[in-house]
Amino acid sequence: TLQKMKLRQLCRAPQAMEAALRGAVGASFSGDVTETLQKIAAQGSEESFRGALDAVLQESVSLSDSRPLLMELVSYMQSLPAERYEAVAPVLLEKLEIRAVGFNEAIVKLREDLGDFFERAGRFRDAANCLAEVPFVSAVRSENQKYLLEMHVRVANLLLRAQDIVRAEGFLERAGALIGSDTEPSMRLRVKVCNANISDAKLNFTKAAQLFLEAAQADAQTLTGSNAVTARELERALHAAVVCACLARPSAQRSRILAQLIRDSRAPSARAFPILEKMYHGQLIRPDERDAFVQQLEDHHRSPDSEGRSPADRSLMEHNIVAVSRVYEDISFDQLATILGTSPEEAEDAAARMSQSGQVAATVDQVDAIVRFAHSSAEGDVFDEQIARALRAVARVRSELAAP
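Everything quoted here is computed from the prediction, not taken from an experiment.

Conventions and cut-offs
- Residues numbered from 1 in each chain as written.
- Predicted model: local features only at pLDDT ≥ 70, side-chain atom pairs only at ≥ 80, totals over all residues.
- Heavy atoms only, no water.
- Helix = DSSP H or I, 4+ residues; strand = E, 2+ residues; numbered from the N terminus.
- Buried < 20%, exposed > 50% of the residue type's maximum accessible area, 1.4 Å probe, protein only.
- Contact = heavy atoms within 4.5 Å.
- Areas by Shrake-Rupley, 256 points an atom, 1.4 Å probe, with all protein chains shown as cover.
- Axes fitted to C-alpha atoms, helices over the stretch in contact; angles between N-to-C directions.
- Parallel < 35°, antiparallel > 145°, perpendicular 65-115°, else oblique.
- Left-handed = near helix turned anticlockwise from the far one by under 90°.
- Nonpolar A, V, L, I, M, F, W, Y, C, P; charged D, E, K, R; others polar.
- Arc of directions from axis to C-beta.
- Pairing = 2+ DSSP bridges.
- Polar contact = N/O pair within 3.5 Å; in protein donor to acceptor, adjacent residues only side chain to side chain.
- pLDDT = per-residue confidence, 0-100.
- Phe/Tyr/Trp six-rings, centres within 6.5 Å; stacked < 30°, edge-to-face > 60°.
- Lys NZ or Arg CZ within 6 Å of the ring centre and 35° of its normal.

1. Comments concerning the overall build of the protein chain
Check the secondary structure of the protein chain and you find 20 helices and three strands. When each of the 404 residues of the protein chain is scored for burial, the buried share is 42%. For the protein chain, long-range pairs separated by at least 24 residues make up 60% of all intrachain contacts whose partners lie at least 6 apart in sequence. Element-wise, carbon and sulfur atoms account for 51% of the exposed surface of the protein chain, whose accessible area totals about 21,500 Å².

2. Regarding the packing of helix H8 (residues 145-161) against helix H9 (residues 165-177)
One can describe the packing of H8 onto H9 by two numbers: an axis separation of 8 Å at closest approach and a directional angle of 165°. By the angle between their axes, H8 is roughly antiparallel relative to H9. Where H8 crosses over H9, the handedness of that crossing is left-handed. Contacts between H8 and H9 involve Leu149, His152, Val153, Val155, Ala156, Leu159 and Leu160 from the first element and Arg167, Ala168, Phe171, Leu172, Arg174 and Ala175 from the second. Looking at side-chain class alone, the contact of H8 with H9 contains ten nonpolar, one polar and two charged residues.

3. What to know about the environment of Ala41
If you trace the backbone, Ala41 turns up in helix H2 (residues 33-43). Of the residues examined, Ala41 reaches a relative accessible area of 0% and is grouped as buried. Taking the C-alpha atoms as reference points, Ala41 and Met77, 36 residues apart in sequence, are found 7.4 Å from one another. Setting aside its immediate chain neighbours within four residues, Ala41 contacts Phe49, Leu73, Met77, Leu80, Arg84 and Val88.

4. Let's talk about helix H15 (residues 287-294)
Considered for burial, the residues of H15 that qualify are Glu289, Phe293 and Val294. Here the buried residues of H15 occupy an arc of 130° about the axis, which is enough to place them on one side. Contacts from the buried residues of H15 go to helix H12 (231-247), helix H14 (273-281), helix H16 (299-302) and helix H17 (311-327).

5. Regarding the pairing of strand E2 (residues 362-365)
Alignment of E2 against strand E3 (residues 370-373), held across four bridges, turns out to be antiparallel. Following the sheet pairing, Ala362 is matched in E3 by Phe373. The turn joining E2 and E3, which pair antiparallel and follow one another in sequence, is formed by four residues; a positive phi near 55° is taken by Ala369.

6. Quick word on the side chain of Thr183
Tracing the sequence through the fold places Thr183 in the loop between H9 and helix H10 (185-201). In terms of polar contacts, Thr183 uses its side chain to reach the backbone amide nitrogen of Gly180, at 2.8 Å. If sequence neighbours within four positions are ignored, Thr183 has contacts with Leu149, Leu178 and Arg188.

7. With respect to the confidence of the model for the protein chain
Of the residues in the protein chain, 85% reach a pLDDT of 70 or more, and the chain-wide mean stands at 82. Low confidence marks residues 377-382, where pLDDT is under 50. Its contacts with residues over four positions away, or in another chain, come to zero contacts.

8. Observations regarding the packing of aromatic side chains
How two aromatic rings sit relative to each other is given by the distance of their centres and the angle of their planes. Counted by the stated rule, this structure contains two aromatic pairs. Aromatic side chains Tyr85 and Phe117 sit 5.2 Å apart centroid to centroid with 50° between the ring planes, which places their arrangement in the tilted category. Taken as a pair, Tyr85 in helix H5 (residues 82-98) and Phe117 in helix H6 (residues 104-120) lie far apart in primary sequence, 32 residues in all. Across the pair, Phe117 and Tyr85 agree in class, each one buried. Among the aromatic residues, those joined into a cluster by ring pairs are Tyr85, Phe117 and Phe118. Sitting over the ring of Phe171, Arg174 keeps its end group 4.3 Å from the ring centre.

9. Some details on the sheet that holds strand E1 (residues 330-332)
Here three strands make up an open sheet; going across it, the order is E1-E3-E2 and the pairing antiparallel. Each of the sheet's edge strands pairs with one partner strand only, and the pair in question is E1 and E2. Direction aside, neighbouring strands of the sheet carry axes that sit 15° apart on average.

The following block contains the structure:
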């Protein structure tokens, strides 16, 4: 008896769906439920599309009938023109989420498709918002921790591109909590690169350079799997490390990063390498070199702060002050301003700021308008010893070449 009741229910459900759909769309009904739904999605008014969805989603229609029909509709709508898709996809999503129980798979698929659509259109905030509301807890695939991790990292990257750093950092923190012992090395690296991009966006260039460098030094052969990382992506991470190292404030950590980058055989291919090389050797950067470097940078690297200076301007000025301190024992504000390409007042302020922060050993004499640099005897002894070693090496080579 129970089997007969189930059989009668299965027979009634499609008939109930067909009758309801026929009543909702009238002459638009083609005799086939799937065909009718797709036709209305492609050509019908929003009102008729809403009516058709209400007919399919009514309580009298069993989930076993409506679920596959709507999954097929979600897939079909991807073939619609962009303008039409943008009009009907949110309507379908709204209707599905009213009856979320039983339609989670369709909701996840539709949100993923909408996220792809917005990302292709350059609407990164819309894409992030769409994907951020995927029903992670209840969706079938979200039970897979790998899927959760990938989705959180993707949303974080989209929010970064939308310049929403705070929310991006929040999603990355959640992603970090999902990393386990079985997480693929390639996925770990993508989390690290996302972290580096967030540090870059927050103008923490030293941390960003370190993270990009660590990512760039990974072995591409070990970064396989569904999130495989290519050698080209590692090269891009290295180039980003070069830029961030050039933008970082003078410090011992930055010096170590510069030394690591200068030894990397791939570094000379970076557009910013000439600046990196000059910073490593402590050489002055000329105004034309500075201008060429700034043209390569992202907008947030060039945006002025409250004092009217961009991170790039500040970093290059501070480097040149350090370079000047290695050549001069003292220098007037006017001379320093000429070298820095700025006003004497700004040159004085920059030297005073760096002296106070310990970035350079100097005293600023406002009475005589002079900056005096302190050179320790220990530094001179080290420099002399380096020269002596180099001369001994040259002498040894000459004697070996002269030997019969």
